[in-house]
Amino acid sequence: MLAEQWIEVFKVPRGGTTGGWSAEEVRAMAEAYDPATHESPLVVGHPRTDAPAYGWTKALRARETSDGLVLEAMPHQVEPQFEELLQAGRFKKRSIAIYPPEESPVPGTPYLRHIGWLGAAAPAVVRHYTATLKATGTGASGPLVTRAVGTNVVNTPATAWIE
């Protein structure tokens, strides 16, 4: 089940950045997240209007690992039919969209806009990751990040490929 469990949605390597976002910015995003300010939806793809929502992000947390900082989200109010599609493998990839600090609902801090689940349409990057959901309640892994650059949306892998 996806609802009410922590899932990895983003990763910043130790001493590096991902998609231009630093560990400090990602930590600040997790600390600033408040559903009462802006509850980030679970969506299919990257719709410009963040709709329709198939679930919502209840909370975010930043967790240190030996490799860097991981941003985790706790989905809730997940549409049962959408959950069935995830379990069936219809949306194996996912990506997040982040409001840049100047457009954020919390001014000066990056903020999660949405978690986009990707199906047959290929992400904008070649090195994307597969989300695996297990009925045992373990989370999904392997996100991308979407960052607004002017009027463009840029997808980059959430795990840096630094040798």
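Up top is the structure these notes are about.
Attention in this report is confined to the structure presented alongside it.

What counts, and where the lines are drawn
- Residues numbered from 1 in each chain as written.
- Predicted model: local features only at pLDDT ≥ 70, side-chain atom pairs only at ≥ 80, totals over all residues.
- Heavy atoms only, no water.
- Helix = DSSP H or I, 4+ residues; strand = E, 2+ residues; numbered from the N terminus.
- Buried < 20%, exposed > 50% of the residue type's maximum accessible area, 1.4 Å probe, protein only.
- Contact = heavy atoms within 4.5 Å.
- Areas by Shrake-Rupley, 256 points an atom, 1.4 Å probe, with all protein chains shown as cover.
- Polar contact = N/O pair within 3.5 Å; in protein donor to acceptor, adjacent residues only side chain to side chain.
- Phe/Tyr/Trp six-rings, centres within 6.5 Å; stacked < 30°, edge-to-face > 60°.

### Considering the overall build of the protein
A count of helical and extended segments in the protein gives two helices and ten strands. Ordered by position from N to C terminus, the α and β elements of the protein give β-β-β-α-β-β-β-α-β-β-β-β. Taking all 163 residues of the protein together, 47% fall into the buried category. Of the contacts made within the protein by residues no fewer than 6 positions apart, 65% connect residues no fewer than 24 positions apart. Carbon and sulfur atoms form 53% of the exposed surface of the protein, whose accessible area is close to 7,900 Å².

### Considering the side chain of Ser 95
Relative to the assigned elements, Ser 95 resides in strand β7 (residues 93-99). The class of Ser 95 is buried, set by a relative accessible area of 0%. Of the polar contacts made by the side chain of Ser 95, one reaches the side chain of His 46; its length is 2.8 Å.

### Section: the packing of aromatic side chains
Two aromatic rings, taken as a pair, are described by how far apart their centres are and by the angle between their planes. Taken as a whole and judged by the stated rule, the model has four aromatic pairs. Taken together, a centroid distance of 5.1 Å and an interplanar angle of 20° make the contact between Tyr 54 and Phe 82 stacked. Here the residue Tyr 54 occupies a position in the loop between β4 (41-44) and β5 (55-64), and Phe 82 occupies one in helix α2 (residues 80-87), the gap between them amounting to 28 residues. Relative accessible area serves as the criterion here: at 2%, Phe 82 is assigned to the buried category. An angle of 40° between the planes, with centres 5.8 Å apart, marks the rings of Phe 82 and Phe 91 as tilted. Just as Phe 82 is buried, Phe 91 falls in that class too. An aromatic cluster is defined as three or more aromatic residues linked by ring pairs; in this entry it consists of Tyr 54, Phe 82, Phe 91 and Trp 117.

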